[in-house]
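# Survey of secondary and tertiary structure
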Amino acid sequence: MRTIQFRQALREAMEEEMRRDPSVFLLGEEVAQYNGAYKVSQGMLEEFGPRRIIDTPIAELGFSAIAVGAASNGTRPIVEFMTWNFAILAMDQIQNHAAKMLAMSGGQFGCPIVFRGANGSAGQLGAQHSQAFESYYGNIPGIKVISVSNPYDAKGLLKSAIRDPNPVVFMESEVMYGDLGEVPEEEYLIPIGECRIAREGSDVTIVSYNKMMKVALGAAEELQKENISAEVIDIRTIRPLDWKTIAASVKKTGRLVIVEEQWPFASVSSEISYRIQKEVFDYLDAPIRRITSADTSMHYAPNLVAAALPNVARTVKLVKEVMYLVK
């Protein structure tokens, strides 16, 4: 094992797949000459050249349309969005074309494409640049949705996404590109659609994904100081959702708390809550509870940013509530 940055894990995944498969190419704003807005594609232009590392105009709808057309004609594009907030402009191509291509062509044309980039809040960026989109894309049939929290998962799941015959939405976090983590020297793949048990526990199950995993694990550490054993699960794949792993954990602990950055209405936690109460209701010793972002647009002021997002203290308090230790 070796320790590398999150951005390097993503870069290695793309490089390895581009060396393995000449039909794979990367396009997006500033991915070539500038080495990527977050330096994820650093050095890739020198190795693969301008035909496979392609700088685009600031036109998300346009370059996404080009990539969808290319994917339907035998290539495997990787589309980098500088942020998923900007991908709103390409929603027509993602939802109406990439997701529906196989069905509407009667199986004649697939769309093996990866849309990837930074998702969620990243500090004081204001309302238009601080949104989390997992539930948006998770609600679209025909698309797989991945939201990663560490370098190991980032590399293994991105490689699997690039090889997948379906369109995949791959969500990262702007504030995690510099995070360090252990990654094997040898090649590896992580199957799409499997949760990861990040921490074993017996008293309560805490479920999260993407950068909110830091909140979930931080809460588990604080709870351990009070002899409360929390099992922490990283969903990793929003769609398909591995609810069975979550269910197995809830059968053991009897309690479930979900931490996510989405707005509360019709969120990922809403779907998880429905599935768990439907399938393992008899094992629950307390109502399912969740912490989401505030049901409002993100403000610029740092105190309001902090108030809007889930944190360790709120998570610890909620766990104690489901354990009937506090009211």
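The structure reproduced in this document is the subject of the present report.

Conventions adopted
Residues numbered from 1 in each chain as written. Predicted model: local features only at pLDDT ≥ 70, side-chain atom pairs only at ≥ 80, totals over all residues. Heavy atoms only, no water. Phe/Tyr/Trp six-rings, centres within 6.5 Å; stacked < 30°, edge-to-face > 60°. Helix = DSSP H or I, 4+ residues; strand = E, 2+ residues; numbered from the N terminus. Buried < 20%, exposed > 50% of the residue type's maximum accessible area, 1.4 Å probe, protein only. Lys NZ or Arg CZ within 6 Å of the ring centre and 35° of its normal.

This next bit is on the packing of aromatic side chains. The tally for this structure, following the rule as stated, stands at eight aromatic pairs. Here Phe-63 and Phe-81 contribute two aromatic rings whose centre-to-centre distance is 6.1 Å and whose plane-to-plane angle is 35°, an arrangement assigned as tilted. Pair noted here: Phe-63 is in helix 3 (residues 60-71) and Phe-81 is in strand 4 (residues 76-81), with a separation of 18 residues, a long-range link. For the pair shown, Phe-63 and Phe-81 are each scored as buried. Their ring planes at 10° and their centres at 4.7 Å tell us that Tyr-152 and Tyr-188 sit as a pair that is stacked. Taken as a pair, Tyr-152 in helix 7 (residues 151-163) and Tyr-188 in the loop between strand 8 (180-183) and strand 9 (196-199) lie far apart in primary sequence, 36 residues in all. Relative accessible area serves as the criterion here: at 32%, Tyr-152 is assigned to the partly exposed category. The class for Tyr-188 is buried, based on a relative accessible area of 10%. Three or more aromatic residues link up through ring pairs in this structure, and these residues are Phe-63, Phe-81, Trp-84, Phe-115 and Tyr-137. The ring centre of Tyr-34 lies 3.7 Å from the NZ or CZ of Lys-39, which sits over that ring.

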